[in-house]
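# Tertiary structure, described
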Amino acid sequence: MLFSFRDLRYLLAYTLPLTAALGLWLGGPWTWLTLFYAFGLVPLLEWMRPPLPAVPGLAAATETKRHAFFDGLLYLNVPLQYGLLGYFLYALATRGFSTMETAGAIFSVGICCGALGINVAHELGHRARGWEQRLAQALLLSTWYAHFFIEHNRGHHRHVATPFDSVTARLHEGFWRFLPRAVVGEYRSAWVLEAERLRRLDQPWWSADNQMLQFQVVQGLLAGAVVAVVGLPGLLGWLGAAAVGCVLFQLVNYVEHYGLLRRQTAPGTYERVQPHHSWNSEHALGRILLYELTRHSDHHYQAARPYQTLRFQPASPQMPTGYPGMMLLATVPPLWFRVMNKRVPA
């Protein structure tokens, strides 16, 4: 299974951990490099260059679902994420960063926690092979977000665009009101879903087979190891980066489904998820940096499709710019409402 020269564009996704590592190495204002790159340069370029017309039914890169090149790009994120975290903790412990340098490092590594630790885990978590799912769990543990592995596939994909989904933003709901509801709702939902699974197996929720309990234990062991090696400041820095990653991914959730609801066909029953139940963007840079996450309609319509096979859905509502720019806009609710509310009824 060969790849074309054009497929190398997906290597640009590695510029996020690269800029974060470069910032840690150079120190000073460079620790903010990833933030300015991801939410300064990228939105500016996407705003200046509208996306090319998309061809319906054409895969993003290839129709081949199992492809060594595209799969390998995902797998490489696991050592990159853990290597970056290790370098981050080492820099915090030895470089004597100022408060501003530390804040920049936390934001830059936090962006990678969202893009590598959660977004790539999201893609791997949809794969059928068990070892790929273990890689997804490893990435999620790196950003204190392991419950996503349970809630996303069993909860979000089932309830998306309904009032039962905690990460579907309601019309007129600002992001800062959405954020605590989504974070708490996802975590609570994961516990409920796992308890329901064990109940079907005639096992108590405190069973050793409870994945949520397993995740808490492993997360605690990782936290203890970090404290033992680099001390409490290192753990606090990691928690800060994980919090940034969590907020960024909730921004993604917010912009993906804002104001879109499925039609109720009977009490508690909704129509099948359709392409018009997710916001999309065809802007090239955001698509590449997020492994085609911005073709979200096709992902929900056919969740088994790997990122390189996702297609443009003509019925999907399109955002005026790419995901990074829309995420920035969402942080200012009045501006978000002004731009997006008029688009929802259409």
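Residues numbered from 1 in each chain as written. Predicted model: local features only at pLDDT ≥ 70, side-chain atom pairs only at ≥ 80, totals over all residues. Heavy atoms only, no water.

For the chain, the name recorded in an unreviewed UniProt entry is Alkane 1-monooxygenase, with Hymenobacter antarcticus as its organism. As its UniProt record puts it under Subcellular location (unreviewed entry), the chain is described as follows: "Cell inner membrane". Quoted verbatim from the Sequence similarities (unreviewed entry) heading of the UniProt record, the comment on the chain is "Belongs to the fatty acid desaturase type 1 family. AlkB subfamily." (UniProt positions renumbered as here; feature names shortened; annotations may be inferred.)

Before going further, it helps to spend a moment on the UniProt feature "domain: Fatty acid desaturase" (unreviewed entry) in the chain. As annotated by UniProt and renumbered to match this structure, "domain: Fatty acid desaturase" (unreviewed entry) occupies residues 105-312. Counted over residues 105-312, helix gives 62% and strand 2%. Its end C-alpha atoms are 36 Å apart. (Helix = DSSP H or I, 4+ residues; strand = E, 2+ residues; numbered from the N terminus.)

A separate point is the nonpolar core. Counting 53 residues, the largest nonpolar core has Leu16, Leu24, Phe88, Val109, Tyr254, Tyr258 and Trp336 as the members making the most contacts within it. Of the residues forming this core, the biggest block, 9 residues, is contributed by helix H10 (residues 232-257). When neighbours within four sequence positions are excluded, Val109 is seen to be in contact with Leu24, Leu84, Leu85, Phe88 and Ala241. By size, the runner-up hydrophobic cluster in this structure holds 31 residues, among which are Tyr10, Leu73, Phe149 and Ile150. (Core = buried A, V, L, I, M, F, W, Y, C linked by side-chain atoms within 4.5 Å. Buried < 20%, exposed > 50% of the residue type's maximum accessible area, 1.4 Å probe, protein only. Contact = heavy atoms within 4.5 Å.)

On to unusual backbone geometry, then. Backbone geometry places Tyr291, a non-glycine residue, at a positive phi of 50°. Its place among the elements puts Tyr291 in the loop between helix H11 (284-289) and helix H12 (296-301). Despite not being glycine, Glu292 shows a phi value in the positive range, around 65°. With respect to the element layout, Glu292 can be found in the loop between H11 and H12. On the basis of relative accessibility, which here comes to 0%, the residue Glu292 falls in the buried class.

So, on to the packing of helix H4 (residues 77-94) against helix H6 (residues 130-141). Contact geometry of H4 with H6 gives a least axis separation of 10 Å together with a crossing angle of 20°. When the axes of H4 and H6 are compared, the pair comes out roughly parallel. The handedness of the crossing between H4 and H6 is left-handed. Between H4 and H6, the contacting residues are Asn77, Val78, Gln81 and Tyr82 on the first element and Leu135, Ala138, Leu139 and Leu141 on the second. Residue composition of the contact of H4 with H6, by class: 6 nonpolar, 2 polar and no charged. (Axes fitted to C-alpha atoms, helices over the stretch in contact; angles between N-to-C directions. Parallel < 35°, antiparallel > 145°, perpendicular 65-115°, else oblique. Left-handed = near helix turned anticlockwise from the far one by under 90°. Nonpolar A, V, L, I, M, F, W, Y, C, P; charged D, E, K, R; others polar.)

Direction vectors running N to C along helix H1 (residues 15-26) and helix H2 (residues 33-48) enclose 150°, while the axes themselves pass 7 Å from each other. With respect to H2, the axis of H1 lies roughly antiparallel. Along the contact surface, H1 presents Thr15, Leu16, Thr19, Ala20 and Leu22, while H2 presents Leu33, Thr34, Tyr37 and Ala38.

Here we take up helix H3 (residues 68-75). Inspection of H3 places Phe69, Phe70, Asp71, Leu73 and Leu74 among the buried residues, and these make up the whole buried set. Elements in contact with the buried residues of H3: H4 and helix H5 (99-125).

This part takes up the pattern of salt bridges. Scanning the entire structure with this criterion turns up 14 salt bridges. Across the pair Glu194 and Arg154 runs a salt bridge whose closest N-O atoms are separated by 2.9 Å. Here the residue Glu194 occupies a position in helix H8 (residues 175-200), and Arg154 occupies one in helix H7 (residues 148-159), the gap between them amounting to 40 residues. Taking relative accessible area as the criterion, Glu194 reaches 0% and is therefore assigned buried. Residues Arg295 and Glu282 are paired through a salt bridge, measuring 2.9 Å at the closest nitrogen-oxygen approach. With Arg295 in the loop between H11 and H12 and Glu282 in the loop between strand E2 (269-270) and H11, this pair connects stretches of sequence that are 13 residues apart. Within the structure, one salt-bridge network assembled from shared partners comprises Arg66, Asp71, Glu123, Arg127, Arg129 and Glu132. (Salt bridge = Lys/Arg side-chain N within 4 Å of Asp/Glu carboxyl O.)

For the rest of this paragraph, the subject is a nonpolar patch on the surface. A surface patch of nonpolar side chains, about 550 Å² in accessible area, is lined by Leu41, Leu44, Leu45, Trp47 and Met48. Considering the arrangement of structural elements, one finds Leu44 in helix H2. (Patch = residues over 30% accessible without salt bridge, like charges linked within 9 Å, V, L, I, M, F, W, Y side chains within 5 Å. Areas by Shrake-Rupley, 256 points an atom, 1.4 Å probe, with all protein chains shown as cover.)

On to the side chain of Arg287. Locating Arg287 in the fold gives a position in helix H11. With a relative accessible area of 12%, Arg287 lands in the buried category. In contact with Arg287, not counting residues within four places along its chain, are Ala60, Ser281, Glu282, Glu292, Thr294 and Arg295.

It is worth spelling out the packing of aromatic side chains at this point. Inspection of the entire model under this criterion finds 23 aromatic pairs. Measuring from ring centre to ring centre gives 6.5 Å for Phe149 and Phe215, while their planes differ by 90°; the resulting arrangement is edge-to-face. Residue Phe149 is located in helix H7, and its partner Phe215 is located in helix H9 (residues 211-230); the two are separated by 66 residues in the primary sequence. By relative accessible area, which is 6% here, Phe215 ends up buried. (Phe/Tyr/Trp six-rings, centres within 6.5 Å; stacked < 30°, edge-to-face > 60°.)

Quick look at the environment of Thr34 now. Residue placement: Thr34 occurs in helix H2. In this structure Thr34 touches Leu16, Thr19, Ala20, Ser108 and Ile111, once residues within four positions along its chain are discounted. At 2.9 Å, the side chain of Thr34 and the backbone nitrogen of Ala20 are in polar contact. (Polar contact = N/O pair within 3.5 Å; in protein donor to acceptor, adjacent residues only side chain to side chain.)

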